[in-house]
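# Residue-level structure breakdown
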Amino acid sequence: MTGKPQDKTEPAAPPAISNEPRATLGAQIVIDALEQEGTEVAFGFPGGAIIDVFDMLNRSEKIRFVLVRHEQGAMHMAEGYARSTGKVGVVLVTSGPGATNTVTGLADAYMDSIPLVVISGQVATPLIGNDAFQEADVVGITRPVTKHNYLVKNVRELPQILRNAFHIARTGRPGPVVVDIPKDIQKATLEHGVYPDEPLLPGYHVRTSAPIEKVKQAWDLIKRSKRPLIYAGGGVINADAADELFQFATRANIPVTTTLMGLGAFPETHPLSLLMLGMHGTVYANKAVQTCDVLIAIGSRFDDRVTGKISEFAPNAKIIHADIDPSSISKNVEVDVDLVGDAKNILRDLNKLADRCDTDEWVELITQWKNQYPLRYNHCGDEEIKPQYLIEQVCRLAPDDAIIASEVGQHQMWTAQYYTFTRPRCWLTSGGLGTMGYGFPAAIGAQVAHPGRLVIDIAGDGSIQMNIQEMATAVYNNLPVKVVIVNNGWLGMVRQWQDLFYQKNYSATELVRPRPAKDPSSYGSWEGQDYRPNFAELARAYGAWGKRVTKRSELEPALKEAFSNDQLCLIDVWVTREENVYPMVPAGASLNQMLEGMA
Amino acid sequence: MATNANNGNQEFIRHIFFVLVENRSGVLARVAGLFSARGYNIESLSVAETENPQVSRMTIVVPGDRNIMSQVRKQLSKLVDTLEVHDFSVEDRDIVDREMILVKVSADDGTKRTQILQIANVYRAKIVNLSEQSMIVEATGNQGKIHALLQCLEPYGILEVARSGRVAMARGISEKT
């Protein structure tokens, strides 16, 4: 093999773009398809095998392109865009490393049911399988982390495949779809190509409504129960069913707890809200699960972080499970009534039957638990900043329609606990995969979609460094995201597990200069520490606004200044170093066994 | 009462799945990936085009418990390329199932050859190749017959076995369940 460039043909002369439906280049078909599908923004990064598509991209007047600094950033931006709008997120990348860098984002979107279409360039068809430059088996690599994927083998298939890809991504349980397009297909000409109106998918069926007998059966069970509980997940948000859920819960007088992905599906200011359940859920939400006699799961999937030890989960309850994905039903927990369909339709059908249930005693009992076991933390010192306090202040100072993103770890759980979510599509987090580095690009994607709204990424000092290069993307695209770093100098969630379950053996979790292991008394202090990088200076190096906050009295002015600023802002807040997230159900334990932590 | 879907019902069973899929590259990998990603086993798998060249038929024999069968059915149905999924217990009398087998048996003298030929006749098998040292027996049948034939041939020295994997079909007009 010689090192010849893979493509020796001369760049094609710029084609005359016309409305005539013939003699269209493959690359142009891609752009036309994006426009037909209503794509307003695409995220990505160019390269040799996708250059033809990019050659057409900047001629489009409808598509705004956001050039990222790493393809993983593009993926999470598209996820943040999709989650905050309900539209399909679009990513364009090149072959080989461009495509493999999307894998984490694909897995993330697949776990959290986020609609994406990722278009990747591929080496020319005759080179496939030859270990060509920047070649990777992209359909092979991405098959387990996509809802579906395509390798386009003929330009004649291209329009239908793109139409199918968007349909699959946005319907049913949403998810990511990859379309891998070899370079020669992008350069090929299609005669009489017309973008199809309909997908062609004989084997793909989405059940939109549950059978009405099943809905009646579910309602009868609820009506006869004394202690019903709604457990709502991200499916309620994906289905835009928050209004229907509110109507159902308030009409029938049933308390609601939400999953991490479901935060915002029901207003946490409402008396019927029990906030989040599960490993770091509230004591009262978990007590309610363990006490309820009917559990109504809507758009949630009985994840192990929600159920704890499954054989002891909701021991007294009949289970009703509404989900659009039939394979979620009875996967982890045996279900008594299954409602397969779109959450919005199912809740609408339930609302036709619903009236007030006899739940006053139950709601009263839960109210007692709320008073008895509130979320709580202790202040210590005048100027020390507790991470929970920081989240409360962000919540207090941000407007109701602020969009909050998080990374993954302790700060994510504190945000889930202490930020009061009242609206759907205002919370962007990596729930299923737990991807550090998700939040900042997701916030950028949401800011692209909502230029007038405040978008805040609540980050950890570990996570933020996983996609911090996207500061350049935010600065050059005038996206005034606010990054609040909950900085404790640790990979805090791993440290918490080491603290509680590994005899404080803090192996490889301290992010500031490690102290001698023989002197454990020096752990947990900021004294003598100087965090590298200096995040505020780093922000300024990128042309953004940056500030370090180490004292409680400095916090509010800094947050106010950042929130009213019209540029990218980063606030590095040094918080109490050794704070743990409580309550906590140890992994694999029953929800009854909560560690409550400090009083 | 909430019960773990993965506990209980752990009785070992075996199902035959007939799956009609779009006849395009990558579909077999998707089906195989569905099993490997979940640690499920495939006992046998056969794939070929159907009467409609755009459709392939897969016959998959899966060992496991009831929950595995239920997940396999749901996950197969979930694949975008899947057109139909049907499954039956291997003991179900509503299906006909057959496997083809080629057995190379050691046969280096006339007596052995005569005996093997007699055995083949009993099982309605054919001798499809004869050499100085060995014979190849071709047989078709259900699992019981194939198993019995192999047992009969065992004493002569089985040199090689190639099996097609089971194919199956529901009796009657339609196999829709």
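### Some details on the sheet that holds strand 6 (residues 148–151) of chain A
All names here are of chain A. Pairing is parallel in the open sheet, where six strands are placed in the order 3-2-4-5-7-6. With partners counted over all chains shown, the strands left at the sheet margins are strand 3 (64–67) and strand 6, one partner each. For this sheet, the mean angle separating the axes of adjacent strands, direction not counted, is 20°. Lying on the sheet, helix 3 (residues 71–85) is in contact with strand 2 (41–44), strand 3, strand 4 (89–93) and strand 5 (116–122); it crosses strand 4 at an angle near 165°.

### Quick notes on the nonpolar core
Core analysis: the largest hydrophobic core is formed by 52 residues, its most contacted members being Phe43(A), Phe440(A), Ile464(A) and Val483(A). Residues contacting Phe440(A), with those up to four places away along its chain left out, are Glu407(A), Asp457(A), Ile464(A), Asn467(A), Ile468(A), Glu470(A), Met471(A), Val481(A), Val483(A) and Leu568(A).

### Details of the pairing of strand 5 of chain A
Residue and element names in this part refer to chain A. Within strand 5, seven of the seven residues are buried, leaving the element largely enclosed by the surrounding structure. Burial of the side chains of strand 5 extends over both faces: Leu116, Val118, Ser120 and Gln122 are buried on one face and Val117, Ile119 and Gly121 on the other. As paired elements, strand 4 and strand 5 share five bridges and run parallel to each other. Pairing of Val91 across the sheet is with Val118, part of strand 5. Summarising the sheet, strand 5 and strand 7 (residues 176–182) pair through seven bridges and their orientation is parallel. Paired with Ser120 across the two strands is Asp180, which belongs to strand 7.

### Re the interface of chain A and chain B
Interface extent is often summarised as the accessible area lost during association of the parts. Taken together, the contacts link 31 residues of chain A with 23 residues of chain B. Summed over both partners, the interface of chain A with chain B buries about 2,000 Å², with 49% contributed by carbon and sulfur atoms. If you sort the residues of chain A by the area they bury against chain B, Arg143(A), His148(A) and Glu334(A) come out on top, with a joint share of 25%. Taken together, the connections running from chain A to chain B amount to one salt bridge. Those elements that provide at least two residues to the side of chain A that touches chain B are strand 6 and strand 13 (318–323) of chain A.

### Regarding the side chain of Asp87(B)
Residue and element names in this part refer to chain B. Mapped onto the fold, Asp87 is located in strand 4 (residues 82–89). A distance of 2.6 Å separates polar atoms of two side chains, one belonging to Asp87 and the other to His15. Sequence-distant contacts of Asp87, defined by excluding residues within four places in its chain, comprise His15, Ile16, Phe17 and Arg73.

Calculation notes
Residues numbered from 1 in each chain as written. Chains lettered and ligands numbered in written order. Predicted model: local features only at pLDDT ≥ 70, side-chain atom pairs only at ≥ 80, totals over all residues. Heavy atoms only, no water. Pairing = 2+ DSSP bridges. Helix = DSSP H or I, 4+ residues; strand = E, 2+ residues; numbered from the N terminus. Axes fitted to C-alpha atoms, helices over the stretch in contact; angles between N-to-C directions. Contact = heavy atoms within 4.5 Å. Core = buried A, V, L, I, M, F, W, Y, C linked by side-chain atoms within 4.5 Å. Buried < 20%, exposed > 50% of the residue type's maximum accessible area, 1.4 Å probe, protein only. Buried area = accessible area lost by both parts, 1.4 Å probe. Salt bridge = Lys/Arg side-chain N within 4 Å of Asp/Glu carboxyl O. Polar contact = N/O pair within 3.5 Å; in protein donor to acceptor, adjacent residues only side chain to side chain.

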